[in-house]
Amino acid sequence: MNKVGIIGLGLIGGSLAKALKQKCNINNIIAMDIENSALKKALEEKVINDFTTVVDEHFSDCDLIFICTPVKQISSYVKKLLPFIKDDCILTDVGSTKSVILNELNVILDNTNIHFIGGHPMTGSEKAGYGASKGHLFENAYYILTPQPSTPENKVEQLKNIIVSIGAIPVILSPQDHDLVTASISHVPHILASALVNMVKSLDGKDKYMHKLAAGGFKDITRIASSSPEMWHNICMTNQKEILYVINYLIEILMQFSSAVRNKEDDYIWNFFNSAKQYRDTFSNRSPGPFMKTYEIIVDIIDQPGSIASIATLLSNHGINIKNIGIINSREYENGVLQIIFDDETSQEKSIRLLQEMNYVIYKK
Ligand SMILES: NC(=O)C1=CN([C@@H]2O[C@H](COP(=O)(O)OP(=O)(O)OC[C@H]3O[C@@H](n4cnc5c(N)ncnc54)[C@H](O)[C@@H]3O)[C@@H](O)[C@H]2O)C=CC1
Ligand SMILES: O=C(O)C(=O)Cc1ccc(O)cc1
């Protein structure tokens, strides 16, 4: 691969540009976006080599182009690229839904020699924009590909190799399977997170106690409600059938649970939580999950003023970036412990070494 094009230089497009530069030695990246500021910043940071705000001959010599715009724009960009790109260019996207885009593309690409391979990295964040992009975003994340039966094997192999080089794990699925799986593990959970937030917003009284007291669990489960409304609007408009199927399934589960609470069905209620716990506990933190992998350590600390600050200072003095830090109280550990989350494994390992040298007791998750 000599030259790669990126259309939409936001969280995912920017992270791809950084990963391609840092991990695949790709030194010729052209980016297109309607926002000038992200393009200028990426050029200054030498993440990209050139940019444009329209699709034009800048893309003519690209060997691979990633379309990283909101889902509803993807097929129109394939159409705009057609007059410029070479026949053997691999076109791919990162959109969170697949069947609708691929159906539109079947029409657009009919009678051309261009091959489009649907893609979807199963990693990201509730943050949007180039400013939130990271070269290590794809490390250990699954990256779904949805090639058509007519896609040449060598094109799929070339794209898979790039995905492996940015640290991700390629998985081949049909567009239909992709859309049902992501509706269940991503789209409906995002809808539910926003529904919970909207519920609290409208239930909360004049004193706003709910807003004031919303703590750990509520914040954890609703983090993704801070995601881009434009992105989630686009996803719901392009995965209608699967999202409706999963929402209706969830409503059934809630209705059954509601009836069990009404009738005080002891066993049902206990089993509801127990079966969820058993299954949830099989999702290992070490295996790549649907979302961004985190690297966590747990430190036993004495609960006294300054103890968190001294650990944070030690790690920061050694150039280690802490993603999140806080006391957790759980039955797993007898007393409160300090949980520290890092972006990568190197920071996790280095912190364990440093803290053990200072005689802290560490539990690696
Ligand atoms: N955010 C996430 O966690 C994930 C997002 N995705 C998918 O990746 C795609 C991009 O999402 P993000 O990078 O998160 O969004 P983002 O909002 O961070 O970036 C989107 C970029 O596209 C640009 N853009 C918007 N409309 C455009 C247009 N008409 N023409 C050219 N550029 C345009 C924006 O200026 C922005 O730079 C979406 O299709 C989304 O479904 C996939 C996996 C994870
Ligand atoms: O922030 C998170 O945990 C996410 O849910 C990220 C995400 C958002 C959209 C996708 O299509 C895939 C992953």
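Residue numbering note: each chain is counted from 1, following its sequence as written. Whichever chain is written first is A, and whichever ligand is written first is 1; the rest continue in order. Side-chain atom pairs in this predicted model are given and counted only at pLDDT of 80 or more, local residue features only at pLDDT of at least 70, and totals for whole chains, interfaces and linings cover all residues.

(A) The arrangement of the overall build of the chain in detail. Strands are runs of DSSP state E lasting at least 2 residues, helices are runs of H or I lasting at least 4, and numbering of each runs from the N terminus. Helices and strands together make up the secondary structure of the chain, namely 13 helices and 12 strands. For 365 residues, the compact-globule formula gives about 21 Å, and the C-alpha radius of gyration of the chain, at 23 Å, lands near that figure. With the C-alpha coordinates of the chain rotated into their principal frame, the extents come out at 65 × 55 × 40 Å. Partly exposed residues are those whose C-beta has more than 12 but fewer than 20 other C-beta atoms within 10 Å; 20 or more makes a residue buried and 12 or fewer makes it exposed, with C-beta atoms placed from the backbone. When burial is assessed residue by residue, the chain has 33% of its 365 residues classed as buried. We call two residues in contact whenever the C-beta atoms placed from their backbones are within 7 Å. The long-range share in the chain, meaning contacts at least 24 apart out of those at least 6 apart in sequence, stands at 73%. Note that the radius of gyration is over C-alpha atoms, with the globule rule given as 2.2 Å times the number of residues to the power 0.38.

(B) Quick look at helix 5 (residues 153-165). Here a helix's expected span is defined as the number of its residues, less one, multiplied by 1.5 Å. Helix length check: helix 5 (13 residues) gives 18 Å between terminal C-alpha atoms against 18 Å at 1.5 Å per residue, within 8%. Within two residues after helix 5, glycine 167 carries a phi angle of roughly 100 degrees, on the positive side.

(C) Main features of the nonpolar core. Counting 60 residues, the largest nonpolar core has Ile6, Ala17, Ile29, Ala31, Ala42 and Ile65 as its most contacted members. The dominant element in this core, judged by the number of residues it contributes, is helix 1 (residues 11-24), at 6 residues. In this structure isoleucine 29 touches Val4, Ile6, Ala17, Leu20, Lys21, Ile48 and Asn49, once residues within four positions along its chain are discounted. Ranked by size, the runner-up nonpolar core spans 10 residues in total, among them Tyr295, Ile297, Leu315 and Ile340. By definition, a nonpolar core groups buried Ala, Val, Leu, Ile, Met, Phe, Trp, Tyr and Cys residues that are joined through C-beta atoms within 7 Å.

(D) Quick peek at the environment of isoleucine 311. Looking at the element boundaries, isoleucine 311 is found in helix 12 (residues 307-317). According to the C-beta neighbour criterion, isoleucine 311 is buried, with 21 such atoms within 10 Å. When the C-alpha positions of isoleucine 311 and alanine 276 are compared, they lie 35 Å apart, and in sequence the two are 35 residues distant. Apart from the residues within four sequence positions on either side, isoleucine 311 is in contact with Val299 and Leu338.

(E) Examining the site of ligand 1 more closely. Throughout this description, a residue near a molecule or strand is one whose C-beta atom, derived from the backbone, lies within 6 Å of it. What surrounds ligand 1 is a group of 28 residues, the closest being Gly8, Gly10, Ile12, Ser96 and Gly124. Where the shell around ligand 1 is concerned, the elements lending two or more residues are helix 1, strand 6 (115-121) and helix 9 (229-238). Per-element accounting of the shell around ligand 1 gives the leading share, 3 residues, to helix 1. Of the residues that constitute the shell around ligand 1, the class distribution is 14 nonpolar, 12 polar and 2 charged. Where each domain starts and ends follows an automatic or database-derived domain assignment. Both domains that meet at the shell around ligand 1, namely domain 1 (4-173) and domain 2 (178-280), each give it at least three residues. Polar here means any residue outside two lists: the nonpolar Ala, Val, Leu, Ile, Met, Phe, Trp, Tyr, Cys and Pro, and the charged Asp, Glu, Lys and Arg; Gly therefore counts as polar.

(F) Expanded view of the sheet that holds strand 7 (residues 142-146). DSSP bridges decide pairing: two strands pair if at least two such bridges lie between them. Reading across from one edge, 3-2-1-4-5-6-7-8 is the order of the 8 strands in this open sheet, with mixed pairing throughout. The open sheet is flanked by strand 3 (50-52) and strand 8 (169-172), the only strands paired with a single partner. Across the sheet, the mean angle separating the axes of adjacent strands is 25 degrees when strand polarity is ignored. Inspection of the sheet shows strand 4 (residues 64-67) paired to strand 5 (residues 90-93) by 4 bridges, in the parallel sense. Pairing of isoleucine 67 across the sheet is with aspartate 93, part of strand 5. Each axis is a line fitted through C-alpha atoms, and for a helix only the stretch in contact is used; angles between axes span 0 to 180 degrees, taken between their N-to-C directions. Its contacts with the sheet place helix 1 against strand 1 (4-7), strand 2 (29-32), strand 4 and strand 6, and it is angled at close to 175 degrees to strand 2. Where helix 3 (residues 74-81) meets the sheet, it contacts strand 1, strand 4, strand 5 and strand 6, and its direction lies at approximately 150 degrees from that of strand 4.

(G) Layout of the pairing of strand 8. Here 4 bridges tie strand 7 to strand 8, and the two strands are oriented parallel to one another. Counted as the bridge partner of isoleucine 144 is valine 171 from strand 8. Call a crossover right-handed when, viewed with both strands pointing away from you, the route from the first strand across the helix to the second goes clockwise. Considered for its hand, the β-α-β crossover made up of strand 7, helix 5 and strand 8 is right-handed.

(H) Seen up close, the environment of isoleucine 7. Assignment of secondary structure puts isoleucine 7 in strand 1. Placed 23 residues apart in sequence, isoleucine 7 and isoleucine 30 show a C-alpha to C-alpha distance of 8.5 Å. Ignoring sequence-local partners within four residues, the contact set of isoleucine 7 consists of Met32, Ile65, Ile67, Cys68, Thr69 and Tyr77.

(I) Fine view of the environment of isoleucine 243. Looking at the element boundaries, isoleucine 243 is found in helix 10 (residues 240-262). Between the C-alpha atoms of isoleucine 243 and valine 188, which are 55 residues apart in sequence, the distance is 6.4 Å. Isoleucine 243 has contacts with Ala183, His187, Val188 and Cys236, leaving out every residue within four places of it along the chain.

(J) Region of the structure containing the domain arrangement of the chain. By domain assignment, the chain separates into domain 1 (4-173), domain 2 (178-280) and domain 3 (295-364). Relative to domain 3, the C-alpha centre of domain 2 lies at a distance of 31 Å.

(K) Region of interest: the packing of helix 3 against helix 4 (residues 99-109). Packing of helix 3 against helix 4 brings their axes to within 9 Å, and their N-to-C directions diverge by 25 degrees. Classed by the angle they form, the pair helix 3 and helix 4 counts as roughly parallel. In the packing of helix 3 onto helix 4, the handedness of the crossing is right-handed. Along its contact with helix 3, which presents Ile74, Ser75, Val78 and Lys79, the element helix 4 presents Ile101, Glu104, Leu105 and Ile108. By residue class, the composition of the contact of helix 3 with helix 4 is 5 nonpolar, 1 polar and 2 charged. Between 65 and 115 degrees an angle is taken as roughly perpendicular, under 35 as roughly parallel, over 145 as roughly antiparallel, and anywhere else as oblique. In this scheme the handedness of a crossing depends on how the near helix is turned from the far one: anticlockwise by less than a right angle means left-handed, clockwise means right-handed.

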